[in-house]
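Here is how the chains run, residue by residue.
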Amino acid sequence: MKKLLTFLALSALAFGVNTNFDEAVELYKDGKFAQAYTAYNRACGEGVKKACTMNAIMLFNGDGVKKDNEQAERIFTKMCDENEPMACAKLAEMQAYGLTKDKIKDEARTRALFKKACEGGYEPACMWAGEQK
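Only a predicted model underlies this, so the values are computations on that prediction, with no experimental measurement involved.

Basis of the calculations
- Residues numbered from 1 in each chain as written.
- Predicted model: local features only at pLDDT ≥ 70, side-chain atom pairs only at ≥ 80, totals over all residues.
- Heavy atoms only, no water.
- Helix = DSSP H or I, 4+ residues; strand = E, 2+ residues; numbered from the N terminus.
- Contact = heavy atoms within 4.5 Å.
- Areas by Shrake-Rupley, 256 points an atom, 1.4 Å probe, with all protein chains shown as cover.
- Axes fitted to C-alpha atoms, helices over the stretch in contact; angles between N-to-C directions.
- Parallel < 35°, antiparallel > 145°, perpendicular 65-115°, else oblique.
- Left-handed = near helix turned anticlockwise from the far one by under 90°.
- Nonpolar A, V, L, I, M, F, W, Y, C, P; charged D, E, K, R; others polar.
- Expected span 1.5 Å × (residues − 1).
- Buried < 20%, exposed > 50% of the residue type's maximum accessible area, 1.4 Å probe, protein only.
- Arc of directions from axis to C-beta.
- Polar contact = N/O pair within 3.5 Å; in protein donor to acceptor, adjacent residues only side chain to side chain.

> Mind showing me how you'd approach the overall build of the protein chain here?
Across its full length, the protein chain holds eight helices and zero strands. Along its sequence from the N terminus, the protein chain presents helices and strands in the succession α-α-α-α-α-α-α-α. Residue pairs in contact within the protein chain that sit at least 24 positions apart in sequence constitute 43% of those at least 6 positions apart. Of the roughly 7300 Å² of accessible surface on the protein chain, a fraction of 54% belongs to carbon and sulfur atoms.

Structure follows, in structure tokens:
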């Protein structure tokens, strides 16, 4: 499931956003996770919100970095608040499985986050939001 979610996240990313982002995508595809994390971090610092979300995904999965669900949740929350739809979907997944800091499974919040992700254009979230795009 983790691999599928990561694949869906990568396949949903925009093309040609910036050189650090493009480099990070290629490094991630090549399995060079530590280098990818660094490149995503640079792109995030340059304002590429999807790069911040990818950093959070890597923290959540422990890909190339120490697994850190709390930091991943903080990044997903910040990016979702800034209307980055993939971050909203990933935060919804954490919420659905009780993997957030408070460990509460809140179905209404989960649906709302998936809906926000879907409305923001992240189509994989539409199925979970009960909407068709």
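> Honestly, the packing of helix 6 (residues 85-96) against helix 7 (residues 107-119) in this entry has me stumped. Any pointers?
Geometrically, a packed helix pair is captured by the angle between its two axes and the distance between the axes. Interhelical geometry of helix 6 versus helix 7 gives an angle of 160° and a closest axis separation of 8 Å. When the axis of helix 6 is compared with that of helix 7, the two are roughly antiparallel. Our pair here, helix 6 against helix 7, has a crossing hand that is left-handed. For the pair formed by helix 6 and helix 7, the contact residues are Pro-85, Cys-88, Ala-89, Leu-91, Ala-92, Glu-93, Gln-95 and Ala-96 on the first element and Arg-109, Thr-110, Leu-113, Phe-114, Lys-116 and Ala-117 on the second. For the contact of helix 6 with helix 7, the residue count by class is nine nonpolar, two polar and three charged.

> Explanation requested: helix 7 in the structure shown.
Count 3.6 residues to each turn of an α-helix, and residues three or four apart come out pointing the same way. Under the 1.5 Å per step criterion, the end-to-end length of helix 7 is 18 Å for 13 residues, consistent within 8% with the ideal 18 Å. Listed in full, the buried residues belonging to helix 7 are Thr-110, Leu-113, Phe-114, Ala-117 and Cys-118. For helix 7, the arc enclosing every buried residue in end-on projection is 140°, short of the 170-degree limit, so these residues lie on one face. Residues of helix 7 that are buried in the fold lie against helix 5 (69-81), helix 6 and helix 8 (124-129). Regarding helix 7, its N-cap is Asp-106, as a side-chain oxygen of that residue lies 3.1 Å from the backbone nitrogen of Ala-108 further along. Gly-121 sits one or two residues past helix 7 and shows a positive phi near 105°.

Without other data, these values stay purely geometric and don't point to any function.
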